[in-house]
Amino acid sequence: MVVKDEEVQTKRSPFAMMENEKKINDGYDGYTSMQLVLNRIEKGIINEEDLYILMYLNEYEFMTSRQINKLLEDEGKEYTEYKKLNRKLDKMLKNKLVNRTYFGSFGTKAAYKVYSLDKNGKYILEAKDIKVDWVPTDNLKNVGEIKSILAANQVMIAIKEKSKNYIKSKGKVVIRSKKLNKNLETKGYLELNYKDAVAQIILESVRREEGWKERLLDRLKIYEDFYNSFEAGDSNFQMPPYLLFVAEDKKHMAEIYEVIVLNNINLNNKYFTYDLIQMDSEINKSWFTFEDKENVINLVQLD
């Protein structure tokens, strides 16, 4: 059975970091030729659903089967039982269309598996004249990087499903710091209807991996310069986009805010959210901001 968001019962985000967590490959050994894949396409064994899944992975990079099914639902192709979707993904794995990993810690493993593109999937998309940025080394990203992408994807998918203001989303965009001469790949991009205008939002998903505060600060300095030196047309934006931080939990939002404040990072139009609140039906109340009134910091939930 497919579990709905409101039926999810957990107090800890599945995308939160765990102690001593490792990434474990869960693929199939052996070689599958592209010619064999093409023959299976001609026979209808590899079909339109496979292509949709490959396009999702091309856009969002790493996804769980549940996230994939959410997007298939928009196409009217969702699976009502995860067993059937998992069998589909198993076949795609054997055909080297997708790659699969999972996370393990102290003899236990996560309740979900993570999918990404593989070489034959890339070839199929390119044969359909779809631009593919994926390279094999993308699948070498560590646990924290992958979980940050999964968490950002969850936010975008939840908004797409539950918000009437949703326009579109992308897995990532690149912004540039002119002063530091550095590019930064964001974790996601959203467009929403807001007060008769289009609000552009970039997502910065943060995980509590080892040394996370130092890495976050490096990224914050790029964001700060991007915003402070912004001119129309920078990184293909005509107006400065909003910045949404995606935290593991409510306490983590405050920890991220603390890194910003203690390092005197000047960022306007910044907002915060966290993983499990994406499960709520009232997604429009899932964003927060911090207000400083007379040296007292208050967390404010936005409507």
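Before going into details, it helps to say that this report is about the structure given with it. If you're wondering where the values come from, they're calculated on a predicted model, not measured in any experiment. (Residues numbered from 1 in each chain as written. Predicted model: local features only at pLDDT ≥ 70, side-chain atom pairs only at ≥ 80, totals over all residues. Heavy atoms only, no water.)

Regarding its fold elements, the protein presents eight helices and 14 strands. Its C-alpha atoms give the protein a radius of gyration of 20 Å, within 12% of the compact-globule value 19 Å for 303 residues. By its C-alpha atoms, the protein is 70 × 40 × 40 Å across when sized along the principal axes. Counted over contacts in the protein with a minimum sequence separation of 6, partners at least 24 positions apart contribute 66%. Between the averaged position of the 49 positive side-chain charges in the protein and that of its 49 negative side-chain charges there is a distance of 4 Å. (Helix = DSSP H or I, 4+ residues; strand = E, 2+ residues; numbered from the N terminus. Rg over C-alpha atoms; globule rule 2.2 N^0.38 Å. Contact = heavy atoms within 4.5 Å. Lys, Arg positive; Asp, Glu negative; His and termini not counted. Charge placed at Lys NZ, Arg CZ, Asp CG, Glu CD.)

Opposite charge on two side chains permits pairing when their charged atoms draw close. Inspection of every chain in the model, using the stated rule, returns 25 salt bridges. Glu 185 is the salt-bridge partner of Lys 172, the closest N and O atoms lying 3.9 Å from each other. Taken as a pair, Lys 172 in the loop between strand 6 (166-170) and strand 7 (174-177) and Glu 185 in strand 8 (residues 182-185) lie far apart in primary sequence, 13 residues in all. Bridged by salt links that share partners, the residues Arg 208, Glu 248, Asp 249, Lys 251 and Glu 255 form one connected network. (Salt bridge = Lys/Arg side-chain N within 4 Å of Asp/Glu carboxyl O.)

One can find Asn 139 in the loop between helix 5 (119-127) and helix 6 (143-162). A residue is classified by how much of its surface remains accessible, and Asn 139, at 13% relative accessible area, is buried. Of note is the side chain of Asn 139, whose polar atom sits 3.4 Å from the side chain of Trp 134. (Buried < 20%, exposed > 50% of the residue type's maximum accessible area, 1.4 Å probe, protein only. Polar contact = N/O pair within 3.5 Å; in protein donor to acceptor, adjacent residues only side chain to side chain.)

In this model, the second largest pocket occupies a volume close to 530 Å³. If you go around the second largest pocket, you meet 22 residues; those closest to its centre are Asn 58, Glu 59, Tyr 60, Lys 131 and Asp 133. Looking at the lining of the second largest pocket, the elements with two or more residues in it are helix 2 (48-60) and strand 6. In terms of residue count, the dominant contributor to the lining of the second largest pocket is helix 2 (six residues). Among the residues forming the lining of the second largest pocket, the class breakdown is 10 nonpolar, two polar and 10 charged. (1 Å grid on protein atoms, 1.4 Å probe; cavity = no way out; pocket = protein on both sides within 12 Å on 5 of 7 lines; lining within 4 Å. Points joined across faces, edges and corners; volume = space filled by probe spheres on them. Nonpolar A, V, L, I, M, F, W, Y, C, P; charged D, E, K, R; others polar.)

The next subject is the pairing of strand 9 (residues 188-194). Burial of strand 9 is extensive: five of the seven residues sit out of reach of the surface. Taken together, the four bridges between strand 6 and strand 9 define a ladder with antiparallel strand orientation. Bridge pairing links Ser 169 to Leu 190 in strand 9. The pairing of strand 9 with strand 10 (residues 197-205) spans seven bridges and is classified as antiparallel. Within the sheet, the bridge partner assigned to Tyr 194 lies in strand 10 and is Ala 197. (Pairing = 2+ DSSP bridges.)

Glancing now at unusual backbone geometry. Its identity is not glycine, yet Lys 96 carries a phi of approximately 60 degrees, on the positive side. Mapped onto the secondary structure, Lys 96 falls in the loop between helix 4 (82-94) and strand 3 (98-105). Judged by its relative accessible area of 14%, Lys 96 is buried. The backbone phi angle of Asn 236 is positive, close to 70 degrees, even though this residue is not glycine. Tracing the chain through its elements places Asn 236 in the loop between helix 7 (212-228) and strand 11 (242-247).

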